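# Chains, contacts and geometry: an overview
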Amino acid sequence: MRKYAIGAAVSGALAVSALAAPTASAATPDLTFSNVTVNNGKAIVVGTTNVVKVPITYTLVRPAGLVIDGETSGAGVVLYNGPSLARQENLLGPDDLPTCTATATTATTVTESCKEVIAIYPQDYFYGASDAGTWKVAGYYGHMTTDNDDSDNHISTEFGSDVWGLPGTVQIKRAARLTVNATPEPVKKGSTLTVKGALTRADWATGKYAGYKGQPAALQFKAKGATAYKTVKTVTSGTAGALSTTVKASADGTYRYQFAGTATTGTATATGDYVDVK
């Protein structure tokens, strides 16, 4: 399970898992998280190697007297999947402190506009297909008290955390890739042109891309001089994600495959293959 650090970038002192730590006896602070937007409202698409940075913005209302210093306390928004808040299967959170700006203050509360970034390292944080799908949102507060005075031959560190489930979800999807190759090239006008390709998607268990079978991909064509592609037909991927179909060569232009994506897999568009028709 991916663990998140509370204020790790500030001091490193709280580079611990807030949810895995024992709960301290301190009273639960009155924090309210609202207006949470993850990745600008878009799905998060993750491949096998590249780090994906996910921006998150939200509003935080905290008690005026509560100090969140990034050294002994921290707060922010995390993403998790699993049946419930208490039964998480994976967890993603920021490694750096959120940046917050006060927008309103009363005698008892401070309202802040906050932003943070969750950096997703697929090789470290995702373990298989079950990590793709719907993730939920939560707000957390963590704190630490430390006694480093060893004059009595004793030191202690105590961790505590509070986590609140929040409205909203986000889709995390496996990145997809498409290829295309039209043959023969050049081709005589009216002859049969074979257009092959392959649809693959990220396999987080192996760290490689694997064939995605049984998925529709649109074969598209853009005539020479045209500004837009038009769909010619839909082809279903076979073993190892293979795509293959034939068309009649009618004019110079570019062929490509396009995949619309699924609930767990992102969209993909092949780099076009230009065909010279004689």
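Keep in mind it's a predicted model, so treat the numbers as computed, not measured.

Looking now at the sheet that holds strand β5 (residues 90-92). Each strand in a sheet pairs with its neighbour through backbone hydrogen bonds, running either in the same direction (parallel) or in the opposite one (antiparallel). Pairing is mixed in the open sheet, where five strands are placed in the order β2-β9-β8-β4-β5. Since the sheet does not close on itself, it has two edges, and those belong to β2 (44-46) and β5, each with one partner. Here the strands of the sheet are splayed against their neighbours by 45° on average, with no regard to which way each runs.

A separate point is the environment of E112. Position of E112 relative to the elements: it lies in strand β7 (residues 109-120). We classify E112 as buried; its relative accessible area is 11%. Between the alpha carbons of E112 and V61 there is a distance of 6.3 Å; along the sequence they are 51 residues apart. Those residues in contact with E112 that lie beyond four places of it in its chain are Y58, T59, L60, R62, C100, T101, A102 and T103.

What follows concerns the pairing of strand β10 (residues 176-183). Where burial is concerned, the two faces of β10 differ: the one with A176, L178, V180 and A182 is buried and the one with R177, T179, N181 and T183 is not. Where β10 meets strand β11 (residues 192-203), eight bridges bridge the pair, whose relative direction is antiparallel. When the bridges of β11 are listed, L178 appears paired with L199.

Remark: the centre distance and the inter-plane angle together describe each pair of aromatic rings, the angle taken between the planes. Summed over all chains, the structure comprises seven aromatic pairs. Aromatic side chains Y121 and Y125 sit 5.5 Å apart centroid to centroid with 75° between the ring planes, which places their arrangement in the edge-to-face category. Here Y121 falls in the partly exposed class, since its relative accessible area comes to 33%. Residue Y125 is classed as buried on the basis of its relative accessible area of 9%. Taking 6.0 Å as the distance between ring centres and 55° as the angle between the ring planes, the aromatic pair formed by F126 and W135 counts as tilted. The class of W135 is buried, set by a relative accessible area of 0%. Ring pairs connect the aromatic residues F33, Y58 and W164, which therefore count as one cluster. It is R201 that lies over the ring of Y212; its NZ or CZ is 3.6 Å from the centre.

Moving on, we come to the pattern of salt bridges. Any two side chains of opposite charge can pair, so long as their charged atoms come close to each other. The final tally for this structure, using the stated rule, is two salt bridges. Residue E112 pairs with R62 through a salt bridge whose shortest N-O separation is 3.5 Å. Of the two residues, E112 is situated in strand β7 and R62 in strand β3 (residues 52-63); the sequence distance between them amounts to 50 residues. The two residues E112 and R62 agree in class, both being buried. Between K278 and D276 there is a salt bridge, and its shortest N-O distance comes to 3.0 Å.

The strand order β1-β3-β7-β6 describes an open sheet built from four strands, whose pairing is antiparallel. Where the open sheet ends on each side, the last strands, each with one partner, are β1 (32-38) and β6 (99-105). Across the sheet, the mean angle separating the axes of adjacent strands is 20° when strand polarity is ignored. As defined by bridge partners, β1 adjoins β3 across five bridges and the pair is classed as antiparallel. Following the sheet pairing, F33 is matched in β3 by L60.

What follows covers the side chain of T254. Examined against the element boundaries, T254 turns out to sit in strand β16 (residues 253-259). Aside from chain neighbours lying at most four places away, what touches T254 is Q220, F221, K222, Y229, G272, D273 and Y274.

A word on a negative patch on the surface. Taken together, the side chains of D147, D149, D150 and D152 present a region of like negative charge at the surface. Mapped onto the elements of the fold, D149 is located in the loop between β8 (133-147) and β9 (156-174).

Before going further, it helps to examine the pairing of strand β14 (residues 230-236). Of the strand pairs in this sheet, strand β13 (residues 216-223) and β14 are connected by six bridges, and their pairing is antiparallel. Residue pairing for β14: A218 is matched across the bridge by T234. Remark: six residues form the turn of the hairpin made by β13 and β14, two consecutive strands paired antiparallel; G225 in that turn has positive phi of roughly 90°.

With that settled, consider the environment of V117. Positionally, V117 belongs in strand β7. In this structure V117 comes out as partly exposed when scored by relative accessible area, which is 43%. Measuring from C-alpha to C-alpha, the distance between V117 and D96 comes to 7.5 Å, with 21 residues separating the pair along the chain. Ignoring sequence-local partners within four residues, the contact set of V117 consists of K53, V54, P94 and D95.

Rules behind the numbers
Residues numbered from 1 in each chain as written. Predicted model: local features only at pLDDT ≥ 70, side-chain atom pairs only at ≥ 80, totals over all residues. Heavy atoms only, no water. Pairing = 2+ DSSP bridges. Helix = DSSP H or I, 4+ residues; strand = E, 2+ residues; numbered from the N terminus. Axes fitted to C-alpha atoms, helices over the stretch in contact; angles between N-to-C directions. Buried < 20%, exposed > 50% of the residue type's maximum accessible area, 1.4 Å probe, protein only. Contact = heavy atoms within 4.5 Å. Phe/Tyr/Trp six-rings, centres within 6.5 Å; stacked < 30°, edge-to-face > 60°. Lys NZ or Arg CZ within 6 Å of the ring centre and 35° of its normal. Salt bridge = Lys/Arg side-chain N within 4 Å of Asp/Glu carboxyl O. Patch = residues over 30% accessible without salt bridge, like charges linked within 9 Å, V, L, I, M, F, W, Y side chains within 5 Å. Areas by Shrake-Rupley, 256 points an atom, 1.4 Å probe, with all protein chains shown as cover. Lys, Arg positive; Asp, Glu negative; His and termini not counted. Charge placed at Lys NZ, Arg CZ, Asp CG, Glu CD.

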